[in-house]
Amino acid sequence: MRVTSFTSTILENLFLALPSLRNQHAPGSKVYALLKQVARKEIEGLFSDHGAQVREFKPFGELIFPYHKMGAIDSLNLFDLDELIIFSFYWFNRKRYRRVADVGANIGLHSIILSRCGYEEIHAHEPDPELFKILQRNLSLNGCSGVQPFNTAVSNRTGTHEFTRVLGNLTGSHLTGSKLNPYGELDRFLVRIEDIKPIVEWADLIKLDVEGHEKEVLLATNRDHWLNTDALVEVENENNAASIYEHFRNLGVRLFSQKINWQIVRDVDDMPTSYHEGTLFVTCKSEIPWQ
């Protein structure tokens, strides 16, 4: 029988309080800055160890997530406040959604959290073969048999595409051409890509973090794709933000932005233009379902 050696009541209370604090989720607010500082201290206390220790990560339950260095960043960065906000969204919507696509799954933290929330089917898409091996190991450590991993990227077509691995920051790796000026030492190789359309038709919730390729992915969809599906999206730059805004405005699909405390996007200036400005929520619902 495993013994849980680590826990954090502060993090549990944070997860449960985040929905009621949604009008303070905009990056840059004083409350956001405080929550970010508190959360980072707690995460460092829980997940800095390199071994496969069991942590009690309430309300999600037990979590095994060994420390990994990924260039200038590490696995602790995967628990930044914006990610914790999304985890809280997963928890409070665990009865609303059933099938989730984790697109840009990295080493599997979102998929594990989704599994701990009890979602029925989870597909995890990660194109980098080295990160994919760690993802598979993390899923196995956590007994996530309901998560189906795919060593693929997601795009607007099916086939192959060159992939750029950014050795100085593996979370910044991307399909070649998605970022104008990748920096540092790079590896390039071919990866399999899947068309977004069957994925959005299958899922009722998508987490999309594709490092600059989100414009190509989202512009391949039409209004019918979003009648029964929502998405949490990271937007890379101003050009992508403008194109995505125009596309969904023309479709009549609503956008809600963490940048403006989850208010509806009424102008392109309300759009996040990098991960520093938080997440974009895509939906046909009248509001983002926080509770």
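Residues numbered from 1 in each chain as written. Predicted model: local features only at pLDDT ≥ 70, side-chain atom pairs only at ≥ 80, totals over all residues. Heavy atoms only, no water.

Undergrad: How should I be thinking about unusual backbone geometry in this particular structure?
TA: Note: most peptide bonds trans; most residues except glycine with negative phi. The residue after K58, namely P59, is reached through a cis peptide bond having omega 5 degrees. Structurally, the position occupied by P59 is in the loop between β2 (55–56) and β3 (62–63). Positive phi, normally seen in glycine, also occurs at E211, with a value near 50 degrees. With respect to the element layout, E211 can be found in the loop between β13 (205–208) and α7 (214–218). (Helix = DSSP H or I, 4+ residues; strand = E, 2+ residues; numbered from the N terminus.)

Undergrad: What is the right way to look at the nonpolar core in this model?
TA: General note: in soluble globular proteins, nonpolar side chains tend to be found buried as a group. In terms of nonpolar packing, the biggest core is built from 54 residues, with F57, F79 and Y90 touching the most fellow members. Breaking this core down by element, the ones donating at least two residues are α1 (9–17), α2 (30–47), α3 (81–92), α4 (109–117), β7 (121–125) and α5 (129–141). It is α3 that provides the largest number of residues to this core, a total of eight residues. Setting aside chain neighbours within four positions, we find Y90 in contact with H110, I113, L114, C117, Y119, L205, K207 and L232. One finds I199, I206, V233 and L255 within the second-largest nonpolar core, a separate group that totals 27 residues. (Core = buried A, V, L, I, M, F, W, Y, C linked by side-chain atoms within 4.5 Å. Buried < 20%, exposed > 50% of the residue type's maximum accessible area, 1.4 Å probe, protein only. Contact = heavy atoms within 4.5 Å.)

Undergrad: Help me understand the pairing of strand β12 (residues 186–195), please; the structure alone is not making it clear to me.
TA: Regular strands place their side chains on alternate faces of the sheet. Summarising the sheet, strand β9 (residues 153–155) and β12 pair through three bridges and their orientation is parallel. Paired with V154 across the strands is E194, a residue of β12. As paired elements, strand β10 (residues 159–166) and β12 share eight bridges and run antiparallel to each other. When the sheet's bridge partners are listed, H161 is paired in β12 with V191. (Pairing = 2+ DSSP bridges.)

Undergrad: Quick question: what am I supposed to make of the layout of surface pockets here?
TA: A probe matching the size of a water molecule, rolled over the atoms, marks out where space remains unfilled. Here the second largest pocket is characterised by a volume of approximately 170 Å³. Lining the second largest pocket are R22, N23, F256, N261, W262, Q263, E287, I288, P289, W290 and Q291. Per-class residue counts for the lining of the second largest pocket are five nonpolar, four polar and two charged. (1 Å grid on protein atoms, 1.4 Å probe; cavity = no way out; pocket = protein on both sides within 12 Å on 5 of 7 lines; lining within 4 Å. Points joined across faces, edges and corners; volume = space filled by probe spheres on them. Nonpolar A, V, L, I, M, F, W, Y, C, P; charged D, E, K, R; others polar.)

Undergrad: How should I be thinking about the sheet that holds strand β11 (residues 174–175) in this particular structure?
TA: One key point about sheets: their strands pair by backbone hydrogen bonds, in either a parallel or an antiparallel sense. Ordered in space as β9-β12-β10-β11, the four strands form an open sheet in which the pairing is mixed. Both edges of this open sheet fall to β9 and β11, since each of them pairs with a single strand only.

Undergrad: What's the story with the environment of I134 in this structure? I'm lost.
TA: Counting through the fold element by element, I134 comes out in helix α5. Given a relative accessible area of 14%, I134 falls into the buried group. A C-alpha to C-alpha distance of 8.0 Å links I134 and G108, two positions 26 residues apart in sequence.

Undergrad: Got a minute to help me understand the pattern of salt bridges in this structure?
TA: Where side chains of opposite charge bring their charged atoms close, a pairing between them can arise. Summed over all chains, the structure comprises 13 salt bridges. Between K133 and E130 there is a salt bridge whose closest N-O contact spans 3.8 Å. One end of the pair is K133 and the other is E130, both in helix α5 and three residues apart, which spans about a single turn. Among the salt bridges present, the one from K179 reaches E236, with a minimum N-O distance of 3.9 Å. Within this pair, whereas K179 is found in the loop between β11 and β12, its partner E236 is found in the loop between β14 (230–233) and α8 (238–251), the two being separated by 57 residues in sequence. In this structure, a network of salt bridges that share partners links the residues D128, R165 and D187. (Salt bridge = Lys/Arg side-chain N within 4 Å of Asp/Glu carboxyl O.)

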